[in-house]
Amino acid sequence: MDPNATYLDLNRAGTALMEIVSYPDMRSSDEAAAYVKKVRTILRYLGTCDGDMEKGNLRADVNVSVRKPGGALGTRCEIKNVNSYRFIQAAIEHEARRQIEILEDGGSIDQETRLYDPTRGETRSMRSKEDAHDYRYFPDPDLLPLELDPAWVKAIQDSLPELPDDKRRRLMSQYGLSAYDATVLVIEGARADFFESAVKGRDAKLVANWVANELLGHLAKHGLEITESPIPASDIAGLVELIETDVISSKIAREVFEHMWAGEGTPAAIVEARGLTQVSDTGALEAMIDGLIAANPGQAESVKTKPQAIGWFVGQVMRQTAGKANPAAVNEILRKKLGL
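Residues numbered from 1 in each chain as written. Predicted model: local features only at pLDDT ≥ 70, side-chain atom pairs only at ≥ 80, totals over all residues. Heavy atoms only, no water.

Caption draft 1: View of the overall build of the chain. Assigned secondary structure in the chain consists of 14 helices and four strands. Computed over the C-alpha atoms, the radius of gyration of the chain is 30 Å, more than 25% above the 20 Å expected from 2.2 N^0.38 for a compact globule of 340 residues. A principal-axis box enclosing the C-alpha atoms of the chain has dimensions of 95 × 60 × 35 Å. Residues classed as buried in the chain amount to 34% of the 340 residues present. Relative to all contacts within the chain whose residues are 6 or more apart in sequence, the contacts with residues 24 or more apart total 57%. As displayed, the chain has an accessible area near 21200 Å², and 52% of this comes from carbon and sulfur atoms. If the 41 positive side-chain charges of the chain are averaged to one point and the 52 negative ones to another, these points end up 5 Å apart. (Helix = DSSP H or I, 4+ residues; strand = E, 2+ residues; numbered from the N terminus. Rg over C-alpha atoms; globule rule 2.2 N^0.38 Å. Buried < 20%, exposed > 50% of the residue type's maximum accessible area, 1.4 Å probe, protein only. Contact = heavy atoms within 4.5 Å. Areas by Shrake-Rupley, 256 points an atom, 1.4 Å probe, with all protein chains shown as cover. Lys, Arg positive; Asp, Glu negative; His and termini not counted. Charge placed at Lys NZ, Arg CZ, Asp CG, Glu CD.)

Caption draft 2: Fine view of the packing of aromatic side chains. Scanning all chains against the criterion turns up three aromatic pairs. Aromatic side chains Tyr175 and Phe195 sit 5.4 Å apart centroid to centroid with 85 degrees between the ring planes, which places their arrangement in the edge-to-face category. Remark: Phe195 occurs in helix H6 (residues 189-198) and Tyr175 occurs in helix H4 (residues 164-175); sequence separation between them is 20 residues. Look at Phe195 and you get buried, because its relative accessible area is 0%. Each ring, one from Trp210 and one from Phe257, has its centre 5.8 Å from the other, and the planes form 35 degrees; the classification is tilted. Here Trp210 is found in helix H7 (residues 204-221), whereas its partner Phe257 is found in helix H9 (residues 250-261), with 47 residues between them in sequence. Considered together, Trp210 and Phe257 belong to a single accessibility category, that of buried residues. (Phe/Tyr/Trp six-rings, centres within 6.5 Å; stacked < 30°, edge-to-face > 60°.)

Caption draft 3: Seen up close, the sheet that holds strand E2 (residues 77-82). Reading across the sheet, the four strands line up as E1-E2-E3-E4 and stay open at both edges, with mixed pairing between neighbours. For this open sheet the edge positions go to strand E1 (60-64) and strand E4 (122-127), each flanked by a neighbour on one side alone. Each strand axis lies, on average, 35 degrees off the axis of its neighbour in the sheet, ignoring direction. (Pairing = 2+ DSSP bridges. Axes fitted to C-alpha atoms, helices over the stretch in contact; angles between N-to-C directions.)

Caption draft 4: The arrangement of unusual backbone geometry in detail. The phi dihedral of Asn81 is positive, around 50 degrees, even though this residue is not glycine. One non-glycine residue, Asp246, lies in positive phi territory at about 60 degrees.

Caption draft 5: Here's a closer look at the pattern of salt bridges. A full pass over the atoms with the stated rule returns 20 salt bridges. Residue Glu188 is joined to Arg40 by a salt bridge in which the shortest nitrogen-to-oxygen separation is 3.3 Å. You can see Glu188 sitting in the loop between helix H5 (179-186) and H6 and its partner Arg40 sitting in helix H1 (residues 29-46), a full 148 residues away along the chain. Arg40 shares its class with Glu188; the two are buried. Glu162 is the salt-bridge partner of Lys167, the closest N and O atoms lying 2.9 Å from each other. One salt-bridge network, in which partners are shared between bridges, spans Glu95, Arg98, Glu112 and Arg114. (Salt bridge = Lys/Arg side-chain N within 4 Å of Asp/Glu carboxyl O.)

Caption draft 6: Structural view of the environment of Ile88. Tracing the backbone through its elements, the reader meets Ile88 in helix H2 (residues 85-104). We classify Ile88 as buried; its relative accessible area is 1%. Sequence spacing of Ile88 and Ala60 is 28 residues, and the spatial spacing of their C-alpha atoms is 7.6 Å. Once residues lying within four places of it in the same chain are set aside, the contact partners of Ile88 are Ala32, Ala33, Val36, Met53, Ala60, Val62 and Val82.

Caption draft 7: Structural detail: the environment of Val256. Tracing the backbone shows Val256 in helix H9. Judged by relative accessible area, Val256 falls into the buried class, the value being 0%. Sequence separation between Val256 and Leu239 is 17 residues, and the spatial gap between their C-alpha atoms is 8.1 Å. Excluding its chain neighbours within four sequence positions, the residues that come into contact with Val256 are Leu239, Ile248, Pro267, Ile270, Val271 and Leu276.

Okay, here's the thing in structure tokens:
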């Protein structure tokens, strides 16, 4: 026996069950799915649940009722154990339509528990017990009342980590990120941690773009979490540094990223080994541009009336340099040579 512990297994599964009950203040399937997403994110930040819905580690019981505009809430039906955001939305929409059809045909809604069948895209009756008396609730004489010390609760509150909404606001304030970028990054705590490891001393917007777009896109394609990324945060920082210092262009950076993903080394090592350094030698670029203008006088003349036609020359230079020419330098030289 242990005087400080209990051996009761009330959930009969050897694992604690935490249930969160919300007020009936959601008005659409989108709101319900957004609510579950937010709860999942918070729980994962707290480390209390991994939120893996496919494994049943997080599920939702969805209560649905319908009413006419301005009327009282109708009789609810509870849909048990829904295990994905998509199914939550589909179950709500189907159940709402089912109830509306019954009411419009002059029928009434039976308060019951239902299950959602994702294969058929419909709900079906499970049991009619719904109210407390149906479950025969009664006090258990062997269980003492649970009394929590307010000081203990306050200590736990004070020890909580930075939560998603606070982190999103800080990323926007500290790094100047857009609300969209910050929201994408804080969906998972590990994403935000990865970003903050990579952003030190680098352009925050560039780092956010490479993490949120290229890296997360590749991870999703291969079914990997950010914690399983074959590219460390330091290499994302290194790639961004090469772009910032004009060693490579954004276009070449995508090629470098693919080699990074394949495990060929650091960005700097890949650029050196494959000769991907951006051509920024103005002398070499001027000679190339002079040759193009001389060989295409008509195209050069048309730029004077249609400045956007300068893009043709930019494209030719990029082709001749296999995409390695510095776009900014190319544009500057062209504008000078063509009198724009």
